[in-house]
Amino acid sequence: MGEGETRKPIEPLFEAIVAHSTDSIMLLDLEARIRFINRTAPGLTLDDVIGKPVYAFVSEDQHADMRRCFADVLATGGPGRYESVFHASPDLVTRWESRVGPIKDGDTITGFVVFASDVTARTTAAAERDRVFELSADLLCVARFDGYFARVNPAFVKTLGYSEAELLATPFIELVHPDDRAATTAVFASQVDEGRNITAFENRYVRKDGAIRLLQWTSMADQSSKRVIAVARDVTAQRALEAQLLHAQKMEAVGRLAGGIAHDFNNLIQAILGNVHFALKADPDPAMRSYLADIEAASIRASALTKQLLAFGRRSPLATAAVDLNVVIRELMQLLRRVMPGHIKIDFVAGNALAAVEADRGQLEQVLMNLCLNARDAMPSGGQIRIETENLLVDERYAETHPWARLGRWVLVTLTDTGVGMTPEVRERIFEPFFTTKAPGEGSGLGLAVAYGIVQQHGGMLDVSSELARGTTFKLYLPAALRLATTAADQREPTPSKGRMETILIAEDEQLVRDVLVRAFERAGYHVIAAANGSEAIELCREHDQIDLALLDIVMPDLSGPQVNDHLQKVRPGLPTLFASGYSDTTRLTHRVPETAIVFAKPFRIEEVLAKVRELLDQRLVRETRAGAENAKGPSGASRS
Ligand SMILES: Nc1ncnc2c1ncn2[C@@H]1O[C@H](COP(=O)(O)OP(=O)(O)OP(=O)(O)O)[C@@H](O)[C@H]1O
Ligand SMILES: [Mg+2]
């Protein structure tokens, strides 16, 4: 083909390209001055641009990149590329991608040709995608088919605690919890091999610090790029909340059931007891009397149990006042220090300016006591119990992870032991009534159920964290009262049950209970002599001239309460006696409790006992004064007749 034939169409072709190209096409000289441009940007005329260097139209910070590009093209004779931002007007920013080539005259480069494309739309979309990737709270990643991450977003880095570089350098399966690896591998393979899309697949990842995060995945494989694109949501907290809610609902249901049954049951037992009482009065023969006594003993035990269930089901009445927990615990500490075995240390760290709580002091003491007794049982070879109090402000962030917590001020009591701890399976169930890991006869499994019920009734919450061999922490949250705590003096027992320094003999083998009783009676104004078992009680009775009333535990290791009473009645006929029965004593059935006996089922309200004691002592006083008057009247009357 001749020369003329090939060159001729070039001009019109060039014209056509230049006219119809969507790109901006420029010819520049070696100083990057514009010699030719196919069309100017909006707002600029040809006169504005021809002869001006391209630098003149972009901000100074972009010049270096452009100069480098032109210098490279000049040095290598190959193509170059730069990106630039052009402010067409103050509100209109456009982005350009410019491809640069040399214009040659023979071997000499005389200038540059520049094809500049407006990439504003494309780069904005990409930039937005990048922002989404950066800002997403969900975990976003791209994984290669070979099992490595190609890209992870900052949320991924934050959630797993590894740096981005560490994540990219580790086969992702190594970050998965060992128990979930098989399932994860299978799901990944089904994506890679069969192109399956995954929704709602869950597995656990192990953070760098060892903590476990539960992730829920949505992902799809892209066969062309051989990559899996995946989004994971961290559902760890959500699952924990769901579990908490479920637990609360379960306890609520069990509590309502137990409370409901206990309530009706209690009435039935009252009816049984009343009728047994009448039957015993109707002068039965000895065999019948013994059957009836058994029925009575069993009914008393049933009544004690229902009391516990009522406490758990939140059906036992509260006598509340504004209480300073520091005062309550400090007093309890004196007692606990004395009764805890020597190898168990117990500390109390009282919080500053602790808010008062609206509470039934006796019931709270029972909760704390139950927790301490459990802690003691969990440390057979010694250890430490630590009780701490503090004010707690529940804000929105705290409430997010503790759904039961209302916003506002709370008082928190933390009770930590260094005992055997619990497995997760045990921890799940400890608040259930009758759940115990103790040997038959050693625990009834009601201690924590009752504590839970009492705390719930106070509008509070009892929370546990524990690990096997790592000890246990119970957290008792109570809403702060709006008023100040009544003074300690006001919190004493009401005056009608006050003692007049009468002497009370208490026989009780459980030291904790005994000390509580001694303290309560002394506080109420009685003189107390205490015995740790039946024979000691009889001994004390011999030693002391004056005893006004006896309070006897029914089950004691040597002599039972009723047996002790038989002795006492021989030496001091008519001595008023009260009995106390423990709910977990299965041996009660074998102990004969006198039919007229007054029995208090543990846990009793100490005010009730004090009131009964006062009543009995007053009755006796009236009887004695009357008898005294009769005696005085007798002779004189006789003399008159
Ligand atoms: N501090 C603790 N450390 C370890 N395990 C504990 C602790 N407190 C409670 N537990 C576990 O919870 C179970 C239930 O406790 P709970 O107080 O309700 O019943 P219990 O102590 O077995 O019997 P009781 O009715 O006599 O209190 C216990 O048997 C024990 O397994
Ligand atoms: Mg217990």
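Residues numbered from 1 in each chain as written. Chains lettered and ligands numbered in written order. Predicted model: local features only at pLDDT ≥ 70, side-chain atom pairs only at ≥ 80, totals over all residues.

Chemist: What should I look at first to understand the site of ligand 1 in this one?
Modeler: In the vicinity of ligand 1, 24 residues are found, and the nearest of them are Ala 378, Thr 436, Gly 443, Gly 447 and Leu 448. At the level of elements, helix 12 (361-377) and helix 15 (447-457) are the ones that each hand at least two residues to the shell around ligand 1. Residues that form the shell around ligand 1 fall into these classes: 10 nonpolar, 12 polar and 2 charged. (Near = placed C-beta within 6 Å. Helix = DSSP H or I, 4+ residues; strand = E, 2+ residues; numbered from the N terminus. Nonpolar A, V, L, I, M, F, W, Y, C, P; charged D, E, K, R; others polar.)

Chemist: I keep staring at the sheet that holds strand 9 (residues 212-222) and nothing clicks. Help me out?
Modeler: Whether parallel or antiparallel, the strands of a sheet pair through hydrogen bonds between backbone atoms. In spatial order, the strands read 7-6-10-9-8; together these 5 strands make up an open sheet with antiparallel pairing. Looking at the sheet topology across the chains shown, the edges are occupied by strand 7 (149-152) and strand 8 (198-206). Across the sheet, the mean angle separating the axes of adjacent strands is 30 degrees when strand polarity is ignored. Sheet topology places strand 6 (residues 139-144) next to strand 10 (residues 227-234); 6 bridges connect them, and they run antiparallel. Bridge assignment links Cys 141 to a residue of strand 10, and that residue is Ala 230. (Pairing = 2+ DSSP bridges. Axes fitted to C-alpha atoms, helices over the stretch in contact; angles between N-to-C directions.)

Chemist: Sorry if this is basic, but what is going on with helix 4 (residues 63-76) here?
Modeler: Residues separated by three or four positions in an α-helix point in the same direction, a consequence of the helix having 3.6 residues per turn. Across its 14 residues, helix 4 extends 20 Å between first and last C-alpha, which sits within 8% of the 20 Å expected from 1.5 Å per residue. Buried within helix 4 we find Met 66, Cys 69 and Phe 70. Along the axis of helix 4, the buried residues cluster in a sector spanning 90 degrees; they form a single face. Away from its buried face by more than 90 degrees, helix 4 exposes Ala 64, Arg 68, Ala 71, Ala 75 and Thr 76. In this fold, the buried residues of helix 4 make contact with strand 3 (80-89), strand 4 (92-105) and strand 5 (108-118). Positive phi shows up at Gly 77, right after helix 4, with a value of about 75 degrees. (Expected span 1.5 Å × (residues − 1). Buried ≥ 20, exposed ≤ 12 C-beta atoms within 10 Å, placed from the backbone. Arc of directions from axis to C-beta. Contact = placed C-beta atoms within 7 Å.)

Chemist: What is the right way to look at the packing of helix 11 (residues 325-339) against helix 16 (residues 511-523) in this model?
Modeler: When two helices pack together, their arrangement is given by the angle between the helix axes and by the axis-to-axis distance. Orientation of helix 11 relative to helix 16, taken along the N-to-C sense of each, is 140 degrees, at an axis distance of 10 Å. Considering their axes alone, helix 11 and helix 16 lie oblique with respect to each other. Where helix 11 crosses over helix 16, the two elements pack in a sense that is right-handed. Across the interface between the two elements, Leu 335, Arg 338 and Val 339 from helix 11 touch Gln 511, Leu 512, Asp 515, Val 516 and Arg 519 from helix 16. (Parallel < 35°, antiparallel > 145°, perpendicular 65-115°, else oblique. Left-handed = near helix turned anticlockwise from the far one by under 90°.)

Chemist: Looking at this model, I keep getting lost on unusual backbone geometry. Mind explaining?
Modeler: Peptide bonds are, in most cases, trans, and in most cases residues other than glycine have a negative phi. Non-glycine residue Ala 469 carries a positive phi angle of around 65 degrees. Within the secondary structure layout, Ala 469 lies in the loop between strand 16 (461-466) and strand 17 (472-479). One non-glycine residue with positive phi stands out, namely Met 501, at about 60 degrees. With 8 C-beta atoms counted inside 10 Å, the residue Met 501 sits in the exposed group.

Chemist: Is there a simple way to explain the nonpolar core in this structure?
Modeler: One recurring pattern in soluble globular proteins is that nonpolar side chains are buried together. The biggest cluster of nonpolar side chains holds 80 residues, and the ones touching the most others in it are Val 411, Ala 451 and Leu 551. Here the element with the most residues in this core is helix 10 (residues 286-312); it accounts for 8 residues. Those residues in contact with Ala 451 that sit more than four places away from it in its chain are Val 367, Asn 370, Leu 371 and Leu 462. Grouped together as the second largest cluster of nonpolar side chains are 18 residues, Leu 160, Leu 175, Tyr 205 and Trp 217 included. (Core = buried A, V, L, I, M, F, W, Y, C linked by C-beta atoms within 7 Å.)

Chemist: Help me out: how do you make sense of the environment of Asp 545 in this one?
Modeler: Its place among the elements puts Asp 545 in the loop between helix 17 (534-543) and strand 20 (549-553). C-beta crowding within 10 Å serves as the criterion here: with 6 such atoms nearby, Asp 545 is assigned to the exposed category. Separated by 42 residues in sequence, Asp 545 and Thr 503 have C-alpha atoms that sit 9.9 Å apart.

Chemist: Can you walk me through the sheet that holds strand 3 in this structure?
Modeler: The strand order 2-1-5-4-3 describes an open sheet built from 5 strands, whose pairing is antiparallel. The outermost strands of the open sheet, each flanked by one partner alone, are strand 2 (34-37) and strand 3. Ignoring strand direction, the axes of neighbouring strands in this sheet form an average angle of 30 degrees. The pairing of strand 1 (residues 24-29) with strand 2 spans 3 bridges and is antiparallel. Looking at the pairing, Met 26 lines up with Ile 37 of strand 2. In the packing of helix 4 onto the sheet, contacts are made with strand 3, strand 4 and strand 5, and the angle to strand 3 comes to roughly 145 degrees.

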